[in-house]
Amino acid sequence: MASVRRVLSAVAVNSVFLLLLAGLTVQEGEQKLHVGSLNQPGAAQKLRRKAAPLQQWQARIPAQNVPVQQVQRVQQQQQQLPVQGQLRQQVPQGQQAQVQRVQAYNAVPQQNIQQNAAMQPQIPNQPLQPNVPVQQNLAANPPNVLAPLNNAGQQNAPLGQVQSINQQGNPLDLAGGGVGGFAGGLGDGGEDFRDQGQLDLQPLPGKVADIIDRNKKLVQKVQNVKNEGRLPEVPKIPPRARNDPQMKMKLDGIPPKLAAPAAANQRSGGKGHMRIADNLACREDVQRLCAHNVRTNNFAILDCLQNDRPKDDDLSPDCHHFLWDYKRNLTKDIRFDQAAYEVCKEPLAKLPECSKLETGQGLVISCLMDHKGNISNQQCHQFLVKMTSIVFSDYHLVENFVKDCTGDIQKFQCGRVSSRDEEHIHSQGVVINCLEKNIAGGERMSRPCRMQLFRIAELSADDYHQDRALYFACRDDRERFCEKITAGEGKVLKCLVQHKFEHDMSDDCREKLIIRQRLVSQDYKVNYGLAKKCKEDIKHYHCRVDNMPEGKFAKLSFILLCLENAIQKGRQVSGDCQGEMFDMRRQLMSDFQISPEIVLNCRKEIEDLCSGLQKEGRTIHCLMQNGMDDSKTAQNRLSKTCMIAVQSLVKEADAGFDYRMDVALQDACEPVVQTACKDIKPGDAMILSCLMEHLYTPSMVVECEEKLLELQYFISRDWRLDPRMYRKCAKEAERLCNAGPEWNDTNDNLPPGIVFSCLYRHVYRKDETKLSHACAFEVRRVMHQRAVDVRLNPMLEKACLRDLGEYCSENVEKGEEMHCLQDNFKNLSKQCSERVGNFTQMSSQDLDLDRIFMMSCAPMIKRYCKDIVDKEEDDGALLQCLIDNKNEHEMNKKCAAGIMHMQLIQLKDYRFSFKFKEACKSDVVKYCRNIKNKADLVNCLSEIVRNDTLMENKHKISKDCRGQLRVELLDRGEDVRLDPKLMQECNRDIQQFCDKEQIGDARILECLKRHKKKLSDGCHVKLFNREREELTDNSVDYGFMRDCKPMVKRFCPQSDPKEVLHCLRKNKNNEFMDERCKKAITQRQIEQAEDYRLDVELQKKCKKDVPKFCRDILAESRSTELEGRVIGCLKAKVGKNRLSPQCEDHIKELMREAAIDYRMDPQLAQGCKEEMTSWCSEEMTNPDTGSVEECLKKKFSEKKITSKMCQTQVLRLLQEGKADIHVDPLLHQSCALDIKHYCAGIPAGEGRQMSCLLEALEDRTVHLQRDCEEKLKSRVEMWEYAAKVAPPETFNELMVQMSASPARNYFVGVICGAVFIILCLGVLTGRMTKRVRAEQKNR
């Protein structure tokens, strides 16, 4: 019996659908009814011919159950059909369409009625009241008046209105889309009643006759209404309304493929059926998927396209949209509600929430669908099962959505239908998904529809099952990745997002997750966790202001920025909320597709530059990389709008707060974090700072380095993205640099980097604008980290982009761009030169700004400058310390090269040297105003200092500046490159004579000094001036101070640094004197002997003597050495009491030094150069023992020296030795004991001790030391030979010889005696002459 009941219920429901869908089918293929068409010839006959197939169907139904009375009534109704022309007269023009409908329902098969009449139950209905409008009569009875559809499913008529149908419509026209081909698709248990579009019904027992009779009575009631003539007229659109812009927009908004069939039908005068198979949107899909014999049946085609197609063979988007629009109109057809009231009367009585709903809006069946599980009525249950194949079963859930979004669905062609394989075959999830794609892609959408989408997304935020498209796409992935996650509170969705880029994640699920995330980015409430856990914080900090412009404050970006603003201000935000914020930021940085701004504004850049890099933030980093200005092309590859979008994304994600926000950065830098930053708490902002500290170090990996620079490039453009600096400096940035008061303030139009540059300028201020200690520390920290790459300095990069491309695009290592710009400082553009100059000035005060230099010199700083580096502020002392130790043996080459670079850069502008600028800025303004080049400025100031020193005037240059000048000159002496003019003049000479010398440590300068006789004139002059500077102030003589620094500390700790050479000369022969220093002292003595101008002490002591006795020599005005001629001139005056005592003493000291080392006697060295080379080469190996002079004297006595010049110099040596035994070092050494024994009381000088020794030699009672005696005899022979070989040629030479001779007293006595005799003779002669003259007068 149960099976029989199920069969009967199925048959009954099928019968209802046969009749219900008959009325629908008549209208499916029609456009509009022209009333005049019934007046066409043969219209009535055609209508009857259309009923012929129905008569065949009637013949197959048994007749024994049909009452004869009903058959007669039906026959009478058929006889009352109007003939041609009568219908127009009986029925008002606006109601003729309904008449046609009545005609169709009057064509009920008589035989079928007769056979089933006995089975009909009597259903009482209230009779129609006369003179009552149709709407009220319908309200009093179950609604059975079927509001027709138009043929294409374009627009459903409102309740109570009737649209016309074509006169050719047949209520059971099987060939034109009747129920025959559709009914089988409604069967249960796999039954299929389709048979090439024809019905195959067996005799129907039970309630089938009741159903047929009931529908007959409904038809009769419609006929009665027609006869009374009170059907409402079909409203028409007036021509004026058609011209209305809004109406025109609605009419024009129909897509071309959907509008084309309607237009074609209209052109044909309304003739012919409009079938789905004929529609351009679905024609190809129908031909591909549906059998030929069902193509004339709209519902069969609908079933075919929706349920019978293969899973992997989808419909075209246009056909999808057409079918969706078609079914939407079916859903709102009132006839389905009428059927529901008939079939589900009992369940509706139990469900007031469904029975109270307005009919004709698609809500009644939808409500019943929701309660289908609780409906026990088998007939109603079967009815609802059938309805799921036709109408939108969830329409009450999406009613407002469809209403508000119809225009946008039409605009974007988003209508979609689903197959029976899906859980809800009429769910709007696919449609919503299509709209979500468009709204997430940045397309313009009406505000009501956009709000509906957000509302739907918000409703499904709690449980992902409610997002049907997402649920179906991710069912398998949920089991794979989130099996243990319980549904609710968005947990499953969060889990899926975390696994979005897993290899096993399906593409469909990943796509749906991305769409979902896009919606979250536009409405934060779509994320359940964020909306719930941050609700109180959002409310507390006023992050949602409803009266602001639409959409702005619902966006995720605003919520994140608002909450982050509270965090940055030190306000309390719950931990749960911060956790949700972390997840959202991480998602934003992991996938560009969920950021509408990126998708919209960077679409072209992504396609051209970053295709195929969607995974785990790679596309975002690709955009960042291309957003970094290209120094080679001086261009940015991203458009301005794309750059703004990327910058906004970085701020929304607040990647500067926690490096884990950036998935790509975290993956790349995890090895570095685990090693170099392992002591920092995960999530601390210091991790990013730590990574920056290790940039370009051995612990950094290449991929991390690239990702870190890409992120820092954008962080550096907004000072607020460094959380530590913002918290310490927010108030001062607002007070001093016009920064906005809020962290999320986007109204300030300040250029990138301007606020940070302003803060750094105030770090070292001394007035009230100086930054606080905490802020200054953070600013210096950030500046030190960003100085590693010029691209992290926005203002400098912008000014120097072209210069970077021109000078630094090739052969420049990472991080060396600033050094390159500094090396080309003179060639830079004005704007770039200014920026580089400012940065170089700052780095001279704070050496940490040169990260590459500091990393190279870190071990050296620790070794040599530990005390200085511990200071909080660097005033340039650290660099000076490194310069002082630059040539130490342990100094690494890279650090030394960095130091040299710093020194060379400082030469370009004196302001680049902080200590020099601070010490000498007032002196520069006074005496060297127009000079900017540091080398020229040092020359200018040092010249003034030297002149004041020589003239013993009061120094014009301040003490601090003089001290700094010494430092600069000392540094300059270390490397010829630090003296550009000297380098320019001596470049060829260096290549010729010093090519093998290593540069630095004063080696090149010492080499030039050794070859100065061979140098070019220009180089020789520059070298001579350098020697004057060094010998005027010994503290600036780098080579000398390098060799003698320990000895200065040992022997001259209290001496003036400028005069340490004089002090060391006195201790030169000390047994503790270092040989290296001793050689340096000797070298400086040799230099001084060549020109009196190199001997500051001589210039001071002989200041008056030189111009008095040597004016002829001075008149030559040479720019190079005078070859010792002035000193020789002064030597000639020694012992004649003509020189000032202090000058004579100094000259005697020079003579004694020269007697030991011939090199200190430039006249001897030059005059006897060949002789020394020929006969004294062995002795020249020990030039500072006096052996060379002894060799020359010996060769002179042996008559081997024939050169007049050399003979003169040797004779001079002999004469000087006779005058002062100390000038004859070997003789003095041999006779030292005898002098002490026999001449102890005789003072040195003027030949007195020599005369004493000669008298002792002649005295036979005196026994001199053998060596002394031999040396004295040798000297006497030399003097005698000298007198013969070189007699005095002039009176002056005679006088010189006599004065130098030990027997000069004898000569003086003889001369005096001769003079006395002559005088006496003259007196006697004069007496005689006077006597003679007197005698002559007397005569």
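Keep in mind that this is a model prediction, so the values were computed, not measured.

Attention now moves to the side chain of Ser-843. Along the chain, Ser-843 turns up in helix α45 (residues 830-845). For Ser-843, the side chain forms a polar contact with the main-chain oxygen of Thr-840, separated by 2.8 Å.

Another point: unusual backbone geometry. If you check the backbone angles, Tyr-696 has positive phi at about 65 degrees while not being a glycine. Relative to the elements of secondary structure, Tyr-696 occurs in the loop between α38 (686-693) and α39 (702-715). Taking the relative accessible area as the measure of exposure, Tyr-696 reaches 18% and is therefore buried. A positive phi angle is found at Asn-738, which is not glycine, with a value near 60 degrees. Among the structural elements, Asn-738 can be located in the loop between α40 (723-737) and α41 (754-761). Residue Asn-738 is classed as exposed on the basis of its relative accessible area of 62%.

The buried count for α38 comes to 6 of 8 residues, which makes it a mostly enclosed element. Taken together, the buried positions of α38 are occupied by Ile-687, Leu-688, Ser-689, Cys-690, Leu-691 and Met-692. Among the structural elements, α37 (663-676), α39, α42 (773-786) and α46 (851-864) are those in contact with the buried residues of α38.

Moving on, we get to helix α16 (residues 317-331). Its 15 residues give α16 an end-to-end C-alpha distance of 21 Å, which sits within 8% of 21 Å, the value for a rise of 1.5 Å per residue. Burial runs high along α16: 13 of the 15 residues are buried.

In this section: the pattern of salt bridges. For the structure on display, the rule yields 62 salt bridges. A cluster of three or more residues bridged by salt bridges with shared partners is formed by Glu-1006, Lys-1009, Glu-1030, Asp-1037, Arg-1084 and Glu-1087.

Right, let's talk about the packing of helix α31 (residues 556-568) against α40 for a bit. Packed helices, taken two at a time, are described by the angle their axes make and the gap between the axes. In the contact formed by α31 and α40, the axes pass within 10 Å of each other and the chain directions differ by 65 degrees. Packed against α31, whose contacting residues are Asn-565, Ile-567 and Gln-568, the element α40 presents Pro-723, Tyr-726 and Arg-727 at the interface.

Using the criterion set out here, one finds 32 disulfides in the structure. The partner cysteine of Cys-1176 in its disulfide is Cys-1191, sulfur to sulfur 2.0 Å. A torsion of -85 degrees about the S-S bond marks the disulfide between Cys-1176 and Cys-1191 as left-handed. Linking Cys-1176 in the loop between α65 (1169-1175) and α66 (1187-1197) with Cys-1191 in helix α66, this pair joins segments that are 15 residues apart in sequence. On the accessibility criterion, Cys-1176 (0% relative accessible area) is buried.

Calculation rules
- Residues numbered from 1 in each chain as written.
- Predicted model: local features only at pLDDT ≥ 70, side-chain atom pairs only at ≥ 80, totals over all residues.
- Heavy atoms only, no water.
- Helix = DSSP H or I, 4+ residues; strand = E, 2+ residues; numbered from the N terminus.
- Polar contact = N/O pair within 3.5 Å; in protein donor to acceptor, adjacent residues only side chain to side chain.
- Buried < 20%, exposed > 50% of the residue type's maximum accessible area, 1.4 Å probe, protein only.
- Contact = heavy atoms within 4.5 Å.
- Expected span 1.5 Å × (residues − 1).
- Salt bridge = Lys/Arg side-chain N within 4 Å of Asp/Glu carboxyl O.
- Axes fitted to C-alpha atoms, helices over the stretch in contact; angles between N-to-C directions.
- Disulfide = S-S within 2.5 Å.

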